Every structure is written in C-alpha cells, then in structure tokens.
Amino acid sequence: MIASLRRLTALCALGAALAACGTAGSAGPARPAHANPAPSASPSVSRPPTLAPGPGGLTPVFEHGPRDLGKTVALTFDADMTADEGPRAASGEHFDNPDLIATLRLLKVPATVFMTGRWAEQYPAQARSLGRDPQFEVANHSYSHYAFTGDCYGLPTVGPAGMRKEVERAYASLRTAGVPHPLPYFRFPGGCYDRQALRALGATGVTAVQWDVVSGDAFATDADAVVQQVLDGVKPGSVVVMHCTRSAAPTTARVVRAVVPELRRQGYRFVKVSELIGGTNGHR
C-alpha cells in the first residue's frame, strides 16, 4: 500500500508544476494559524479538530476517516504553485481554475483546499474568496512547495531548519491574502515526509493530512480515466487528492461533474477533511 501511494503521489508532485484554484474576491486581513499550536481563529469560531501528537511530540498523520461510520468522502484540492513559478504566471500561465470552483459551488460540494503561500500571494482575491466561503476550508501546503525529504519526485528540498518556517510563512501569506480561518492541517509537498519532518513540525500543532485515493488528474487529458480511478478507489471515509489548475490539471472540473453525481447515487455524502478528523477522534 505504501509503495502504491508513493507511486501515485508522483502524479500530484510532478516537477512542482501543479497549482491551484479559486474565484474572484477582494483581499482583506486575516489571522495566522500558528506560531502557537493549532489556534481557533476567533472566539466565535469553534476550534477545528486535530489528532493527538505522536510519540515524542511527532506531528500526527491522517490518511482517511473511519470506514464504518457511514459513506462519507472528502474531496481535497492542492493549490501548489511553487516559489519559482512567478515568471510563468506573469507570462500568462494560469495557476487557478475558476471553472472548477464554480462547479463545486453549483453542485454544493464542500471541499478542503491545501494552498501554498506562493499561490495565495499570486491570487489573493481568490484565496480570500475561498477562505471566506463556508463551503470550503483552506489549509496549509507549505510556502514554496519544496520537498521536506530528499528524493521526492525531483522537487527542490527544504532542510530541517527551514521546515517550520515554511509552514509559518505559508500561514502568514494566507493571512495577508485575507483567509480568516486557515485550518491547522498541513499537506506535505509531494506527500513526502519522514520522521525528521514530523519532528520538525511538531511544535506547530498541525495535523498532517495525506490521502487514500489519488485521482490521477495531474497532467491528465482523459477525464474518463480519471473519473474511473476515483470511483474505483473511494471507500467510506476516503480522502481524495486532486488539483485545480488550468495549466497542469485541465480535466479536473469535468471529473468533478461526473464523480459527484455518481458517488451521490451510491449513497456517499461529501464532507470536509475537518469532519473526517472529528469523526476519527470520536471513534477512538
């Protein structure tokens, strides 16, 4: 299973070229998620559920929710523009996908977006729109989308001393873009992590969120094949990883339009990652 996940993870990490999503909005102030462990965003907002730290304070890792608490599934979308892709955006490459977000809104599908700080800087209005829409929750995908381990699908790497800074800098960028309540969840770039990375992030209070279903939408041109891969992989409690960039994942909106009604026909209910984590805590 680990080998399969690592092989499939390459689809969402290739060349650090994958990127993000959003719809228009205006920028405004927001609150960073942490320099201290897992804060609630304001007194009126309930604290999002997190997993308890591992042995020695290691960052806990979440892959999927309980299999026996109903047919729920979480769609997640990586907004992984990298630190060095600014010139490509300036030359006209689109690292957003308004059609995808409009589709999710039309279908009333809640979703969790793991956003890099660099993407939030490129698209602050869109980041703010997502962060202030209760249908979505925005979480941390590092600032630069550089790998936290060596040998991670060709991604540049971050040394141990820079790992916590990557997380905190991303939260600062989300705050500046206008995301009011970024969640205490973190997705490792490329899905690559080791014990050293888990130790480095322990003080941030985040829960690392992986997945058990990879869509295969990265660089895909055959939407039907992606749809089938998702449908074949989903189980109760699944977390599906997808992308939302017009340049590197052009089929994703079409995939969502096909997957959502079929999973609903099968009796699945779409939820955010926070609900799955909350269900996992209650199931212990």
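Everything discussed here concerns the structure shown above.
Report follows, based on the coordinates. (Residues numbered from 1 in each chain as written. Predicted model: local features only at pLDDT ≥ 70, side-chain atom pairs only at ≥ 80, totals over all residues. Heavy atoms only, no water.)

Now for the overall build of the chain. Along its length, the chain carries 10 helices and nine strands. Split into buried and exposed, the 284 residues of the chain put 57% on the buried side. In the chain, of all internal contacts separated by at least 6 residues, the share reaching a separation of at least 24 is 84%. Counting every atom, the chain has about 11,000 Å² of accessible surface; 55% of that belongs to carbon and sulfur. (Helix = DSSP H or I, 4+ residues; strand = E, 2+ residues; numbered from the N terminus. Buried < 20%, exposed > 50% of the residue type's maximum accessible area, 1.4 Å probe, protein only. Contact = heavy atoms within 4.5 Å. Areas by Shrake-Rupley, 256 points an atom, 1.4 Å probe, with all protein chains shown as cover.)

Close contact between helix H8 (residues 223-233) and helix H9 (residues 252-265) brings their axes to 9 Å; oriented N to C, the two are set at 35°. When you trace H8 past H9, the crossing you get is right-handed. From H8, Ala223, Val226, Val227, Val230 and Leu231 reach across to H9, where they touch Arg254, Val255, Ala258, Val259, Glu262 and Leu263. Broken down by class, the residue content of the contact of H8 with H9 amounts to nine nonpolar, no polar and two charged. (Axes fitted to C-alpha atoms, helices over the stretch in contact; angles between N-to-C directions. Left-handed = near helix turned anticlockwise from the far one by under 90°. Nonpolar A, V, L, I, M, F, W, Y, C, P; charged D, E, K, R; others polar.)

With that out of the way, let us pick up unusual backbone geometry. Positive phi, normally seen in glycine, also occurs at Tyr153, with a value near 55°. Position of Tyr153 among the secondary structure elements: in the loop between strand S4 (136-140) and helix H6 (160-177). The phi dihedral of Phe219 falls on the positive side, at around 65°, and the residue is not glycine. With respect to the secondary-structure elements, Phe219 resides in the loop between strand S7 (213-214) and H8.

Look at H9: 20 Å from first C-alpha to last across 14 residues, which is about the 20 Å you get at 1.5 Å a residue. Every buried residue of H9 is listed here: Thr252, Ala253, Val255, Val256, Val259, Val260 and Leu263. Those residues of H9 that are buried are in contact with strand S2 (72-79), helix H3 (98-107), H8, strand S8 (238-243) and strand S9 (269-270). Once H9 finishes, Gly267 follows within two positions and takes phi at roughly 95°, a positive value. (Expected span 1.5 Å × (residues − 1).)

This brings us to the environment of Pro182. As for its placement among the helices and strands, Pro182 is situated in the loop between H6 and strand S5 (185-186). By relative accessible area, which is 8% here, Pro182 ends up buried.

Bringing helix H5 (residues 124-131) into the picture now. Structural remark: α-helix, 3.6 residues per turn; residues separated by three or four positions point the same way. Residues of H5 that are buried include every one of Gln126, Ala127, Ser129, Leu130 and Gly131, and no others. Elements that come into contact with the buried residues of H5 comprise H3, strand S3 (111-115), helix H4 (117-122), S4 and H6.

If you walk through the whole model with that rule in mind, you get 10 salt bridges. In this structure, Arg187 engages Asp78 in a salt bridge whose closest nitrogen and oxygen atoms are separated by 2.8 Å. Of this pair, Arg187 sits in the loop between S5 and helix H7 (195-200) while Asp78 sits in strand S2; the two residues are 109 residues apart in sequence, bridging distant segments of the chain. Between Asp133 and Arg105 there is a salt bridge, with the nearest N and O atoms lying 2.7 Å from each other. Linking Asp133 in the loop between H5 and S4 with Arg105 in helix H3, this pair joins segments that are 28 residues apart in sequence. Residue Asp133 is classed as buried on the basis of its relative accessible area of 16%. Take Arg105: its relative accessible area is 24%, and that puts it in the partly exposed class. A network of salt bridges, in which partner residues are shared, links Glu85, Arg88 and Glu93. (Salt bridge = Lys/Arg side-chain N within 4 Å of Asp/Glu carboxyl O.)

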